[in-house]
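One letter stands for each residue in the lines below.
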Amino acid sequence: MDKRIENKKNIQYSHLFRRFILLTMICSLVPLLLAGWVINIRYSRFARERMEKTLETRVDYHRKIIEIFLKENKTRLDFIARTHTIASLKAKDQLNHILKSLNRDSWTLTDIGIIDENGDHMAYVGPYDLMDKNYIDTFWFKEVMERGSYTSDMFMGFRKEPHFVMAVLKHENGRRWILRATVNTECFRSLVENVRIGKTGQVYILNSKGIYQTSPSSGGEIMTLAPGFESKLHGDVTFRFLEANHTDRKVRQIVCETWLKDPRWLLVVRVNENEFFEEVRYANRATLVSLHLSALIILIVTVLITRHMVSVIKRGDREVEQMNEQLIQAGKLASIGELSAGVAHEINNPLAIIMTEIQLLLDSKKRTPITDQAFGEQFVDSLDQIDKQVLRCKHITRNLLKFARRTHSVMETVDINVFLKEVIDLMEREAKSDGIKFTPILDDSLPTILSDPSQLQQVFLNFINNAIEAHEDNGYGVITLTTGLAKDKNGIVITVADTGSGISHQDIGRIFDPFFTKKSPGRGTGLGLSICYSIVKQLGGYIHVESEMGKGTCFTLTFPLKPPEDLNMQG
């Protein structure tokens, strides 16, 4: 029955523990995680928008740099054409000097030449042999003659390698001539790719037909058609996402595009989405790790605190149960006290009669002497023994009354050594019949104490009786009684040690509880040690017990030389 109740309580504590954890998770972890996830999502969105805006600004800024580069070179050509005559430009080393001046800071232009209205070279400076070439049928020549200035797309031309030219038309003395320069392809490509982002980023330019004007870093060649070209003319920087093939897998890329004003080229910046948003993802991971680590710490602390709370509740429940048991035992003791008071009164009446009869027998012996001397001595000894046992019974009944009604103790000077010898003499016959030997180790220099001898007798008789019963399974044993002075010199120490069966660790803390006994039914009430504990405490002493299963038990009793003041005043 007790085991089922204990199991039921353990199940209730487990349910309580789980409910505490669940409530804590609902009240703390769930809001924390929800708030953390919402903040993380909002931050991710904000960070992505900021990074996209930053990329848009960089691309737009780079577009302006490219436009400035192209416009600056065209302006230079236009300035040279307006400030020089054809004759001055054709003068010896003049064109070469102009090319060097234009390339003073960087090698921007590959060559420079003057072409008449018939498409023939009038002067040329550069690494190619182009003086005998005629350009009247080339597309760029026609565009310049029609527009007055022109920047071409990439083409092969007479050089048989990709390049593009800038040209301006000049009218002089009724004649027209063209100042043309070829932009250095590598210089221009370096300028374009200056905005490259990360390891996977690539920057290139397409013309209005989707032809590469610069070659991308991975895949695609200059003057070839870009795959999937669908861009239309627009004035702003645009974003789009596309799936690109990378080795054996597809990679999602961000494509940022903007159109140059002159010429109408499309500046394209492409970067892998994973690389571009790597910092955002790193921040997200750090935030989520911190968030979940905080949640884990909260959960661990909650488990520990909840476990402590449940243990406190368990301890409180046990204390309540013990208090209830003590109340029940107190009720039992009260009932037994009332019963013992009635029994004591009832026993006192026949004891008084026995005392009277003893006195009558003694008086009869005086009036009529017994002729048989041996019988007479035995008769007197028996009457003395009866008298002693009647007095003992009176002491017992008085103790019962004390237990029931808290009667006053009778304080006397007690020699503990003599007192213990009398107790041993009284119990030795019974002990020998059970094969048990007494070994007294008494300190002769021990001072006397002021105490209640009748209560002391009850205490030691109870301890010795228990020691004798502890040997019943062995059939033999030793009971050692030792006396000595306490360490503080203000009291005496008595030990009652046996070689019996011992007391288990589970029971040693309960042996002084009322009605606790390990004896078989009918052999003990469980009140002996409880009453002894109360008597020793009332006399100002205390009890310490040590025991080991199978090896025996040792009770150590300490009494003051003088009893407590309130008890002394009562005595």
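Rules used throughout
Residues numbered from 1 in each chain as written. Predicted model: local features only at pLDDT ≥ 70, side-chain atom pairs only at ≥ 80, totals over all residues. Heavy atoms only, no water. Buried < 20%, exposed > 50% of the residue type's maximum accessible area, 1.4 Å probe, protein only. Helix = DSSP H or I, 4+ residues; strand = E, 2+ residues; numbered from the N terminus. Pairing = 2+ DSSP bridges. Phe/Tyr/Trp six-rings, centres within 6.5 Å; stacked < 30°, edge-to-face > 60°. Lys NZ or Arg CZ within 6 Å of the ring centre and 35° of its normal. Axes fitted to C-alpha atoms, helices over the stretch in contact; angles between N-to-C directions. Contact = heavy atoms within 4.5 Å. Arc of directions from axis to C-beta. Core = buried A, V, L, I, M, F, W, Y, C linked by side-chain atoms within 4.5 Å. Domains from an automatic or database assignment. Parallel < 35°, antiparallel > 145°, perpendicular 65-115°, else oblique. Left-handed = near helix turned anticlockwise from the far one by under 90°. Nonpolar A, V, L, I, M, F, W, Y, C, P; charged D, E, K, R; others polar. Lys, Arg positive; Asp, Glu negative; His and termini not counted. Salt bridge = Lys/Arg side-chain N within 4 Å of Asp/Glu carboxyl O. Polar contact = N/O pair within 3.5 Å; in protein donor to acceptor, adjacent residues only side chain to side chain.

1. A few points about the pairing of strand S5 (residues 175-183)
Then, in step 1: Where burial is concerned, most of S5 is hidden: seven out of the nine residues are buried.
Then, in step 2: Both strand S1 (residues 109-116) and S5 contribute to a ladder of seven bridges, which runs antiparallel. The residue bridging Gly 113 from the neighbouring strand is Arg 180, located in S5.
Then, in step 3: Pairing geometry for strand S4 (residues 164-172) and S5, over nine bridges, is antiparallel. Within S5, the residue paired with Val 165 across the bridge is Thr 182.
Then, in step 4: Remark: two residues form the turn of the hairpin made by S4 and S5, two consecutive strands paired antiparallel; Asn 173 in that turn has positive phi of roughly 55°.

2. So, the packing of aromatic side chains
Two aromatic rings, taken as a pair, are described by how far apart their centres are and by the angle between their planes.
Then, in step 1: The tally for this structure, following the rule as stated, stands at 13 aromatic pairs.
Then, in step 2: Centroid distance Tyr 135 to Phe 158: 5.2 Å. Interplanar angle 70°. Geometry classified as edge-to-face. Here the residue Tyr 135 occupies a position in the loop between strand S2 (121-125) and helix H4 (139-147), and Phe 158 occupies one in the loop between strand S3 (149-151) and S4, the gap between them amounting to 23 residues.
Then, in step 3: Judged by its relative accessible area of 38%, Phe 158 is partly exposed.
Then, in step 4: Here the aromatic rings of Trp 140 and Phe 141 are separated by 6.2 Å at their centres, their planes lie at 80°, and the arrangement is edge-to-face.
Then, in step 5: You can call Trp 140 buried: its relative accessible area is 2%.
Then, in step 6: The class for Phe 141 is buried, based on a relative accessible area of 4%.
Then, in step 7: Cluster of aromatic residues (ring-pair linked, three or more members): Phe 69, Phe 164, Phe 188 and Trp 265.
Then, in step 8: The ring of Tyr 135 has Arg 180 lying over it, and the distance from NZ or CZ to the ring centre is 5.6 Å.

3. Topic: the sheet that holds strand S14 (residues 491-498)
Then, in step 1: Ordered by their spatial adjacency, five strands build an open sheet running S11-S13-S14-S16-S15, and the pairing between neighbours is mixed. Across the chains shown, the open sheet's two edge strands, defined by having one partner strand only, are strand S11 (436-441) and strand S15 (542-548). Each neighbouring strand pair of the sheet contributes to a mean axis angle of 15°, computed without reference to strand direction.
Then, in step 2: Direction of pairing for strand S13 (residues 477-485) relative to S14: antiparallel, over a ladder of seven bridges. If you follow Leu 485 over to S14, its bridge partner there is Ile 492.
Then, in step 3: Of the strands in this sheet, S11, S13 and S14 are in contact with helix H9 (residues 416-433), which crosses S11 at around 170°.
Then, in step 4: On top of the sheet, helix H12 (residues 528-538) reaches S15 and strand S16 (552-560); it is set at about 140° to S15, its chief contact.

4. Comments concerning the sheet that holds S2
Then, in step 1: Spatially, the five strands line up as an open sheet ordered S2-S1-S5-S4-S3, and their pairing is antiparallel. The sheet is open, and its two borders are formed by S2 and S3, each paired with just one other strand. Recorded for the sheet is a direction-independent mean angle of 15° between the axes of neighbouring strands.
Then, in step 2: Contacting S1, S3, S4 and S5, H4 runs over the sheet at an angle of about 145° to S3.

5. A short note on helix H5 (residues 185-192)
Then, in step 1: Three or more residues of H5 are buried, namely Phe 188, Leu 191 and Val 192. The arc that holds every buried residue of H5, seen down its axis, measures 100°, which confines them to one face.

6. Description of the pairing of strand S9 (residues 266-272)
Then, in step 1: Counting buried positions along S9 yields seven of seven residues, so the element is predominantly enclosed.
Then, in step 2: In S9, alternate side chains face the same way, and those of Leu 266, Val 268, Arg 270 and Asn 272 on one face and Leu 267, Val 269 and Val 271 on the other are all buried.
Then, in step 3: Bridge analysis of strand S6 (residues 202-206) against S9 gives five bridges, and the strand direction is antiparallel. Bridge assignment links Tyr 204 to a residue of S9, and that residue is Val 268.
Then, in step 4: With antiparallel pairing between neighbouring strands as the criterion, strand S8 (residues 249-259) and S9 make up a hairpin whose turn holds six residues.

7. Here's the deal with the side chain of Thr 108
Then, in step 1: Within the secondary structure layout, Thr 108 lies in the loop between helix H3 (94-102) and S1.
Then, in step 2: With residues up to four places along the chain from it excluded, the contact list for Thr 108 reads Phe 69, Asn 73, Asn 103, Thr 182, Val 183, Asn 184 and Cys 187.

8. Remarks on the nonpolar core
Then, in step 1: Core analysis: the biggest nonpolar cluster contains 47 residues, and Ile 66, Leu 70, Ile 112, Ile 114, Leu 179 and Phe 188 have the highest contact counts within it.
Then, in step 2: When residues of this core are assigned to their parent elements, the largest contribution, nine residues, is made by helix H1 (residues 2-83).
Then, in step 3: Both domain 1 (84-187) and domain 2 (196-276) contribute no fewer than three residues apiece to this core.
Then, in step 4: With near-sequence residues (within four places) excluded, Ile 114 lies in contact with Ile 86, Leu 89, Leu 95, Asp 120, His 121, Met 122, Ala 123, Trp 177, Ile 178 and Leu 179.

9. Here's the deal with the packing of H9 against helix H10 (residues 453-469)
Then, in step 1: Where H9 meets H10, the closest approach of the two axes is 10 Å, and the angle between their N-to-C directions is 40°. The orientation of H9 with respect to H10, classified from their angle, is oblique. Viewed along their axes, H9 and H10 form a crossing whose handedness is right-handed. Between H9, through Ile 416, Phe 419, Leu 420, Val 423, Leu 426, Met 427, Glu 430 and Ala 431, and H10, the contact on the second element is made entirely by Pro 453, Leu 456, Gln 457, Phe 460, Leu 461, Ile 464, Asn 465 and Ile 468.
Then, in step 2: Its residues assigned to classes, the contact of H9 with H10 shows 13 nonpolar, two polar and one charged.

10. Observations regarding the packing of H10 against H12
Then, in step 1: It is the contact of H10 with H12, at a shortest axis distance of 10 Å, that shows an interaxial angle of 145°. As H10 runs across H12, the sense of the crossing is left-handed. Contact residues: H10 offers Gln 455, Gln 458, Val 459, Asn 462, Phe 463 and Asn 466, while H12 offers Gly 528, Leu 529, Ile 531, Cys 532, Ile 535, Val 536 and Gln 538.
Then, in step 2: Along the lines of polarity and charge, the residues of the contact of H10 with H12 split into seven nonpolar, six polar and no charged.

11. Considerations on the side chain of Arg 270
Then, in step 1: Along the chain, Arg 270 turns up in strand S9.
Then, in step 2: Buried within the structure, Arg 270 lacks any salt-bridge partner; its nearest side chain of opposite charge belongs to Glu 257, at an N-O separation of 7.6 Å.
Then, in step 3: Only 3.3 Å separates the side chain of Arg 270 from the side chain of Tyr 204, close enough to count as a polar contact.
Then, in step 4: If near-sequence neighbours (up to four positions away) are discounted, Arg 270 is found in contact with Thr 200, Gly 201, Gln 202, Tyr 204, Leu 242, Ala 244, Gln 253, Ile 254 and Val 255.

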